[in-house]
Amino acid sequence: MKHLLSVLVVVLGLQLAQAQDEGTRQVHLDFHTSEYITEIGEKFDKKQFQEALKLGKVNSINVFAKGHHGWSYYDTKAGNKHPHLSFDLLKAQIEACHEIGVRVQAYFAIGWSQNDYAEHPEWAVINKEGKTYCQINTPLPQINAGDHNESLPYTFWTLLSPEGTYKDLILKQTEELLKNYDLDGYWFDLIPMDGPNYSPASIADMKKNGVNPDNEAEALEHHKKKMQQFFDETNTLIEKHKPNASIFYNWSTSFRFTNVINDTLYQYNTKQDLEDLPTTWDGYDVFPMRAKFFNPLDKPVVAMSGKFHTAWGEFGGFKNKDALWYEAASMVAFGARANFGDQLHPSGVMEPETYKNIGYAFDYVQKIEDYGVESEDVANLGVLLSFKKPSDEGTVRMLLEEQLDFVIVNHIKDWSNLETLILNDGVALSSEQQQKVDAFIERGGKLLIMGDGTLDRDTAQFTVDFGADYVGPANYDIDYTLVGDAIAKNLPRSPYLNYVPATRVAAKAGTKVLGHIHEPYFSRTLKHYSSHRNTPYKMEKATHPSVIQKGNMVYVAHPLGEQYFEVGAKVHRDIFRNALDLVHTKPMVRTDLPSAGRVNLLHQPQKNRYVAHLLYAVPIQRGIAQIIEDIVPLHNIDLEINVPKKVKKCYTVPNKKSVKFRQKGNKVQVTVPKMKGHIGVVFEY
């Protein structure tokens, strides 16, 4: 009996360790405190700190080693401890967390460290015009290091680059933390991913390495190598002392830096944290795209939002708790762990009301996380991102609003499960991608191509033969589409406006023309204009078409994603859906949710089940924020999944209620009696 108990203790210990690995319910606890505030952390109380985490049902937290002001919150010899902190706050927080089984990571500010900049202005990132990040982002006059002019309002931090002697300082402080503190991970913030650094020291380093600073491509490549060098050295240091620690470099997963983002940089992360504030940043449809982009990398994905109403670091700001609940459910529904940002008061006291709200959301996460986290995205519709923001986000938004489940294929090596692939406006295929697309077409794969997708600008030719030759860019500022019968569903049968005109192509013999273009009389200018807005269309059709089809390939000449992102006109979403339906005939998911509904199908092969997550809430713009407040119930939602398994059991989560299902071949149909905000439908096989 004693031996059996010992075995059970070991097994349960392993399960707990696995459950705590990276954490499913996280908090990112900001603590950027000025030297003008005294008595830092003086009211920190271990029990009060622990009670807040328990109230919030938190199992992982990022606490501060060093913040944006440049002050450290632990006993450091390499850096500068906050002048008004009388004890080792970091150590106290680590002990408090581990005592109640909460995983703890150290936050370390890299790019923004104001007192480091004041002491070493040569560490700043400088652009080609000689300006710092702060000077670029503010209309104020020149701001010098250490400037404390009371007549100037604060506007922005100065960005520093982890190279040279600044990198040496970071590594020394990191080694201090590794040797002296029992941390589970390291979270490095604000890596300067924007582009090359043109500071005198960086220019000298470029020249030393044979790089021409005036050659932007060479300078950018040098910048990437400098960041790789920093990541390499930091990871090597961490792995030497704490091989199982998690590591993350913030901004390495941001789509804002598409000229720098590549497989090399975010591969240094042991997880992929996706910082976001959907209320005031880019809305609620960016996270699903980013999650689907990073999920295939087989590293934990952590969705990061905040408890704040407006921005990170907002004291006293509260997002509606139902919005937190919905965001948390959405995070799990798209296969991610949940993380909400908070900010600790300078006194060290945790805010109970914040953790009531987070706990309200995380209580639900606890009930559904086993049906979302550690899952595979599964769909037979693929999208290849172009990293052209309007096109990518607009296309994803249309797919989400049409409840068309999809995968992002940039990191997916095996495309054999795909029926259809979308090649967006702006997609320029690399040689490797071209080979994969050619093989996909060869095996009978179907394509939807839009705008100038697959256009090689050097040769002025498309690299995929979809039945047309490239003629040139649009002649005018706008144009109009007149649809034919094959793509007319829900669309007017008279010419409708395109706010972004079409790429001009010439259809080859044997290609079906499904839609035509009417051009305006002229582009609207100060000299040539008519009426209030846009020039009317000519009555005769243009020689270049709007939509064509050749076999398994449909081409839409307009950048529909960009148009939908910029304008949101339903006619553009309708023609997108109609064109896609011509080729994508066997979707893995069908449902009759309204346009604000979201669906995502996950596969958990280790548990022999698929889980279809249904979401419904309507964000409403109020002031500067998108607000989710009124989550209304939906009834009798039809859902169909198309999977190659014999389903044995179907039920909903979190309530574990059995649902009647009908299966014919690979199609499994259910009717969900009721949902409010979120429901998971589990199909066990």
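What counts as what
Residues numbered from 1 in each chain as written. Predicted model: local features only at pLDDT ≥ 70, side-chain atom pairs only at ≥ 80, totals over all residues. Heavy atoms only, no water. Axes fitted to C-alpha atoms, helices over the stretch in contact; angles between N-to-C directions. Helix = DSSP H or I, 4+ residues; strand = E, 2+ residues; numbered from the N terminus. Parallel < 35°, antiparallel > 145°, perpendicular 65-115°, else oblique. Contact = heavy atoms within 4.5 Å. Nonpolar A, V, L, I, M, F, W, Y, C, P; charged D, E, K, R; others polar. Salt bridge = Lys/Arg side-chain N within 4 Å of Asp/Glu carboxyl O. Buried < 20%, exposed > 50% of the residue type's maximum accessible area, 1.4 Å probe, protein only. Pairing = 2+ DSSP bridges.

Across the interface, helix α7 (residues 200–208) lies against helix α8 (residues 216–241) with an axial gap of 11 Å and an inter-helix angle of 100 degrees. Here α8 runs roughly perpendicular to α7, going by the angle between their axes. Side by side, α7 and α8 meet where S202, D205 and M206 of the first sit next to A219, H222 and K226 of the second. Looking at the contact of α7 with α8 residue by residue, the class counts come to two nonpolar, two polar and two charged.

Pairing is possible between side chains of opposite charge, provided their charged atoms come close. Counted according to the given criterion, the structure contains 38 salt bridges. Here K292 and D405 are joined by a salt bridge, their closest N and O atoms 3.4 Å apart. Taken together, the residues span a long stretch of sequence, with K292 in helix α10 (residues 286–294) and D405 in the loop between α13 (389–401) and β11 (407–408) at a distance of 113 residues. For K292, a relative accessible area of 2% puts it in the buried group. Ionic contacts of the salt-bridge type, sharing partners, join the residues E401, E402, R573, R577 and D581 into one network.

A few words now on the sheet that holds strand β3 (residues 103–109). Strand order in the open sheet formed by eight strands is β5-β4-β3-β2-β1-β8-β7-β6, with parallel pairing between adjacent strands. Two strands bound the open sheet, and with one partner strand each, they are β5 (246–249) and β6 (272–275). Taken pair by pair, the neighbouring strands of this sheet meet at an average axis angle of 25 degrees, ignoring direction. Bridging between strand β2 (residues 60–66) and β3 involves six bridges; their strand directions are parallel. Looking at β3, one finds that S60 is bridged to R103. Packing of helix α11 (residues 321–333) onto the sheet brings it into contact with β7 (301–306) and β8 (337–343), and relative to β8 it is tilted by some 145 degrees.

Limitation: the analysis is restricted to geometry and does not speak to function.
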